[in-house]
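# Fold and geometry: a report
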Amino acid sequence: MVPLSVDPVPELDRPLRALADPNRRAILALIRSGPWSVGQIAARVGLSQQATSHHLGVLRDAGLTSATRDGTRHLFVVRDDGLAAVKAYLDDFWPDRLAALKAAVEAREVD
């Protein structure tokens, strides 16, 4: 068997790595409803502000969040377009899976 050559794809690899952490997924789930400050996020997810800032930096570098300033506060929101590469990658799995499911159902109906 020939091993598959896997070339890194930054627009896919960075978001997937960022999403691998449950704290980051919790932060994304929280801020998808609108802008939140670091302090608000930290209090809600139960992390220190320093740890929250670190996770927000990883999410930002992965293209999953953006920040705006409101006076001295930074407000964070989800960047929908940041998830586009992940969505496209996952969507590619469905046509083959649905075709296999259809074939299995049709084969059962014939029996």
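In short, a report on the structure. Numbering of residues starts from 1 in each chain and follows the order in which that chain's sequence is written. Reporting of local features is limited, given that this is a predicted model, to residues whose pLDDT is at least 70; pairs of side-chain atoms are given and counted only at 80 or more, and all residues count toward the totals for whole chains, interfaces and linings. To get the side-chain values, take all heavy atoms of the structure and skip hydrogens and water.

### Concerning the overall build of the protein
- On a plain count of helices and strands, the protein comes out with 6 helices and 3 strands.
- A helix here means a DSSP run of H or I that spans at least four residues, while a strand means a run of E at least two residues long, and both kinds are numbered starting from the N terminus. Starting at the N terminus, the α and β elements of the protein follow one another as α-α-β-α-α-β-β-α-α.
- The C-alpha radius of gyration computed for the protein amounts to 19 Å, which surpasses the reference 13 Å derived for 111 residues by more than 25%, pointing to a less compact arrangement than a globule.
- With the principal axes as the frame, the protein shows a C-alpha extent of 65 × 35 × 25 Å.
- Counting the 111 residues in the protein, one finds 27% classified as buried.
- Note on definitions: a residue-residue contact is assigned when non-hydrogen atoms from the two residues lie within 4.5 Å. Taking the intrachain contacts of the protein between residues at least 6 apart in sequence as the baseline, contacts between residues at least 24 apart amount to 53%.
- We treat Lys and Arg as the positive residues and Asp and Glu as the negative residues; His and chain ends play no part in the count. Lys charges are placed at NZ, Arg charges at CZ, Asp charges at CG and Glu charges at CD. Distance between charge centres in the protein, computed from 14 positive and 14 negative side chains, equals 10 Å. Note on method: radius of gyration uses C-alpha positions; expected globular size equals 2.2 Å times residues raised to 0.38. Burial here depends on accessible area, computed with a 1.4 Å probe over protein chains only, as a share of the maximum for the residue type. Under 20% is buried, over 50% is exposed, and the range in between is partly exposed.

### Comments concerning the packing of helix 3 (residues 38–45) against helix 4 (residues 49–61)
- Helix axes use the C-alpha atoms of the stretch in contact, all axes being lines fitted to C-alpha atoms, and the angles between their N-to-C directions lie in the range 0 to 180 degrees. One way to put it is that helix 3 packs onto helix 4 with a least axis distance of 9 Å and a crossing angle of 105°. With respect to their mutual orientation, helix 3 and helix 4 come out roughly perpendicular. Touching Val38, Gly39, Ile41, Ala42 and Val45 of helix 3 are Gln49, Thr52, Ser53 and Leu56, all from helix 4.
- Note on residue classes: Ala, Val, Leu, Ile, Met, Phe, Trp, Tyr, Cys and Pro are nonpolar, Asp, Glu, Lys and Arg are charged, and everything else, Gly too, is polar. Considering only residue class, the contact of helix 3 with helix 4 consists of 5 nonpolar, 4 polar and no charged. Every angle not falling under 35 degrees, over 145, or within 65 to 115 is termed oblique; those three ranges are roughly parallel, roughly antiparallel and roughly perpendicular.

### Regarding helix 4
- An ideal rise of 1.5 Å per residue puts 18 Å on 13 residues; helix 4 measures up with 18 Å between its terminal C-alpha atoms.
- Buried within helix 4 are the following residues: Thr52, His55, Leu56, Gly57 and Leu59.
- A positive backbone phi angle near 80° is found at Gly63, which sits one or two residues after helix 4. Helix span, expected: 1.5 Å multiplied by one less than the number of residues in the helix.

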